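Listed here are the chains, written in short residue letters.
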Amino acid sequence: MSLPSIILNELAKIEPSAEFTGRLGGRVESSSGKVYFVKLGTSDEAEQYLGEADSLKAINTGAPGLAPRVFATGTFENGRPFFISEYKDIRNLTEKSAVLLAKRLATEMHSYKSQDGFGFEVPTYCGATRMKNGWYDSWEKCYSEMIGDLLENLKKRGRYEKLCAKGKSITKDVIPKLLGPLQIEPVILHGDLWSGNVGVDSATGEPVIFDPSSFFGHNEADLAIARIFGGFSASFFAEYHKHLPKTKPESQYELRGHLYELFHYLNHTVIFEGGGYEFNALRKMDILIDGV
């Protein structure tokens, strides 16, 4: 399938004298030898494309080269969004590259702070779930809103009464007690940092992260889904906290981890309609309610 003229016009703005071959949703090579990732969406994906692009830009500001560089993004007159970035041939994360990733997260990305507070400037998508975002003056308010939105989504479906009832205790009691006292600054997060969204750039051997759902929040929240789905060894977490120690009070580190994992279990319940994710969300809620 040849590239649409509207996409070729955008590529020509990046390399005016080049010719381009390739396919949408994959590898596009220019006559100069440069390689791009190009995709063209439907009109109802415009918000999703913008959120991904702004997330990648923020990550690259904090940690240059850790995520694919975005060259162009926007929406055509017909409402269809487009996205042009670096193309990276990505392989599975190795233990050595995972340790380097941990260091870069701790010393670079999770050191890039927002001047606007906690949250993000545009909506993003964590999987299929729309995160409305916005700005908040405290992490407690931001995270409570994130959890509350997921619970509201589940409530509208009319079959998660127990989960939503316990969820009220999480937003009213647990979050204020665990997050309210924290002395932290908002740093850029990937937002969906599981093993399927990380890898190694085959050209450089360097770690790379992609498919973000970014926001500015507590750095520890970015480690949650990595613990849930695995793919990261103990050396990854040890290296991370060697450079960025656990937030005080350290005695509540594990409880905060359960709270941050709860977000992903709730989100997966929203996406996949219950199953084991609902059970694990309830289990996390019980641990948290008993723990505080």
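The notes below deal with the structure included here.

The rules behind each value
- Residues numbered from 1 in each chain as written.
- Predicted model: local features only at pLDDT ≥ 70, side-chain atom pairs only at ≥ 80, totals over all residues.
- Heavy atoms only, no water.
- Helix = DSSP H or I, 4+ residues; strand = E, 2+ residues; numbered from the N terminus.
- Buried < 20%, exposed > 50% of the residue type's maximum accessible area, 1.4 Å probe, protein only.
- Contact = heavy atoms within 4.5 Å.
- Polar contact = N/O pair within 3.5 Å; in protein donor to acceptor, adjacent residues only side chain to side chain.
- Pairing = 2+ DSSP bridges.
- Axes fitted to C-alpha atoms, helices over the stretch in contact; angles between N-to-C directions.

### Quick word on the environment of His190
Then, in step 1: Along the chain, the position of His190 falls in the loop between β11 (187–189) and β12 (198–201).
Then, in step 2: What makes His190 buried here is its relative accessible area of 0%.
Then, in step 3: Sequence-distant contacts of His190, defined by excluding residues within four places in its chain, comprise Ile59, Met109, Asn197, Ile209, Phe210, Asp211, Pro212, Ser213, Ser214 and Asp222.
Then, in step 4: From its side chain, His190 meets the backbone nitrogen of Leu193 in a polar contact 3.4 Å long.
Then, in step 5: A polar atom in the side chain of His190 sits 2.6 Å from the backbone oxygen of Phe210.

### Observations regarding the pairing of strand β3 (residues 35–40)
Then, in step 1: When strand β2 (residues 26–30) meets β3, the two strands line up antiparallel, connected through 4 bridges. What sits directly across from Val28, in β3, is Tyr36.
Then, in step 2: With antiparallel pairing between neighbouring strands as the criterion, β2 and β3 make up a hairpin whose turn holds 4 residues, including Gly33 at a positive phi of roughly 100°.
Then, in step 3: Looking at chain direction, β3 and strand β5 (residues 81–86) are connected through 5 bridges and run antiparallel. Its bridge partner being in β5, Val38 is matched across the sheet by Ile84.

### Points about the sheet that holds strand β4 (residues 70–75)
Then, in step 1: Reading across from one edge, β1-β2-β3-β5-β4 is the order of the 5 strands in this open sheet, with antiparallel pairing throughout. Among the strands making up the open sheet, the edge pair consists of β1 (20–22) and β4. Going across the sheet, the axis of each strand differs from the next one's by a mean of 25°, ignoring polarity.
Then, in step 2: Where helix α1 (residues 5–14) meets the sheet, it contacts β1, β2, β3, β4 and β5, and its direction lies at approximately 145° from that of β3.

### Comments concerning the side chain of His264
Then, in step 1: Looking at the element boundaries, His264 is found in helix α8 (residues 253–272).
Then, in step 2: Apart from residues lying up to four places away in sequence, His264 is in contact with Gly191, Ala224, Ile225 and Ile228.

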